[in-house]
Amino acid sequence: MMDWTTMAPAVSAAFLSSLVEAVEAMTIVLSVATVRGWRPAGLGALAGLGSLVLIVLAAGPLLNQVPLHALQLVIGILLLLFGMRWLRKAILRAAGVIALHDEALTFANETAALREQARHGKRLDWLAGLASYKAMLLEGLEVVFVVIAVGSGRGLIVPASLGALAACALVAAVGFAIRRPLARVPENKLKFSVGVMLSAFGVFWTGEGLGVAWPGADLAIVVFAVLFLLVALGAVNLAKPSSRRKEAV
Amino acid sequence: MKTVIVNVLRELSGLFIDDGLFALAISAVVALTALITPVTPLGAGLTLVAGCLGVLVANTATAGAAAGKRPPP
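Since we're looking at a predicted model, the values are computed, not measured.

The subject of this paragraph is helix H3 (residues 68-94) of chain A. With 27 residues, H3(A) ought to run about 39 Å at 1.5 Å a step, and its terminal C-alpha atoms sit 37 Å apart, in line with that. After H3(A) finishes, the residue Gly96(A) shows a positive phi value of roughly 80 degrees.

Structure below.
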């Protein structure tokens, strides 16, 4: 029986990262639905979901063939690149170096682009469905990657998948209910937290893949997460342009 | 069709790399860790942790400094 100290980090990472990706996918699907209706939006999203299921069904047996240490190392390095990329961007957004991601603006831009295509007489339903498909596929691939990365090799694929599905269901339910982009979700705080967690997982897995026996085993992930959090918070202050730091003084 | 595939592959690679130097620095830390592991596994682990944290701080501080030097609009 798996204890919660082992499951909690994986399930939390899968839930929170899926929350962010689901919000971004929902924004695109909503913009398609607004311009062309729910039929192309829904069909595109379902087709994207179907592609994801096929990818997971194909990748699952393939991953089982890979030796564990090699799998840990490859997934660890990819997770490190992915997580630290998210954390780096979240730090720079928090420091005001780059703009915060604005779902309302994304929604407005996507909607305007689709309407512009209609003015040029292009096959709008097909293009709109394709936009919905692409959003679902690309955001969904990130979710699948995180679930596989935090869950594989330790029997946590099912709990991590349930965490991811719960997040997607929550976002879908809220999105359908309010029919507007979820602009009030604190996206950068979520990305900051997810970046911290995935970076911690990435360091842990990369080390294990290279043959490092981390003291405390799985508890080392929590220690790494705390380290990344503290350093990242410090990095926000360091990254603030000096003019803004002078104003603060 | 080829353009769609190229775009999808570009988007997929973008999931892991958007700042080339940042990704290269992380890869260098991992490579250094791999070299040290046979000699001292725990030392290698510390190198990995400290190296990744160092790359993160250096990259974000540099980006912040570059942003600070840009003239206001």
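What follows picks up the thread again.
Residue and element names in this part refer to chain A. Where nonpolar side chains cluster on the molecular surface, the patch consists of Leu 219, Val 222, Val 226 and Leu 230 and spans about 370 Å² of accessible area. Along the polypeptide, Val 222 turns up in helix H8 (residues 219-239). Judged by its relative accessible area of 41%, Val 222 falls in the partly exposed class.

At their nearest, the axes of helix H7 (residues 187-210) of chain A and helix H3 (residues 41-69) of chain B sit 10 Å apart, and the two run at 145 degrees to each other. The handedness of the crossing between H7(A) and H3(B) is right-handed. In this structure, H7(A) uses Val203(A), Thr206(A) and Gly207(A) to contact H3(B), whose residues at the interface are Leu48(B), Val49(B) and Cys52(B). A breakdown of the residues in the contact of H7(A) with H3(B) according to their chemical character gives 4 nonpolar, 2 polar and no charged.

With that settled, consider the interface of chain A and chain B. Each partner contributes residues to the interface: chain A has 34 residues there, and chain B has 33 residues. Taken together, both faces of the contact between chain A and chain B bury some 3,000 Å²; the carbon and sulfur share is 81%. Three residues, Leu81(A), Met84(A) and Arg88(A), lead the burial of chain A against chain B; their summed loss comes to 20% of the area buried on that side. The tally of links from chain A across to chain B stands at 0 salt bridges. On inspection of chain A and its partner chain B, the count reaches 1 residue pair in polar contact (both at pLDDT 80 or more). At the level of elements, H3, helix H5 (124-151), H7 and H8 of chain A are the ones that each hand at least two residues to the side of chain A that touches chain B. Examining the composition of the side of chain A that touches chain B, we find that 12 residues originate from one element, H3(A), more than from any other. Of the residues in the side of chain A that touches chain B, the class split is 26 nonpolar, 3 polar and 5 charged.

Analysis parameters
Residues numbered from 1 in each chain as written. Chains lettered and ligands numbered in written order. Predicted model: local features only at pLDDT ≥ 70, side-chain atom pairs only at ≥ 80, totals over all residues. Heavy atoms only, no water. Helix = DSSP H or I, 4+ residues; strand = E, 2+ residues; numbered from the N terminus. Expected span 1.5 Å × (residues − 1). Patch = residues over 30% accessible without salt bridge, like charges linked within 9 Å, V, L, I, M, F, W, Y side chains within 5 Å. Areas by Shrake-Rupley, 256 points an atom, 1.4 Å probe, with all protein chains shown as cover. Salt bridge = Lys/Arg side-chain N within 4 Å of Asp/Glu carboxyl O. Buried < 20%, exposed > 50% of the residue type's maximum accessible area, 1.4 Å probe, protein only. Axes fitted to C-alpha atoms, helices over the stretch in contact; angles between N-to-C directions. Left-handed = near helix turned anticlockwise from the far one by under 90°. Contact = heavy atoms within 4.5 Å. Nonpolar A, V, L, I, M, F, W, Y, C, P; charged D, E, K, R; others polar. Buried area = accessible area lost by both parts, 1.4 Å probe. Polar contact = N/O pair within 3.5 Å; in protein donor to acceptor, adjacent residues only side chain to side chain.

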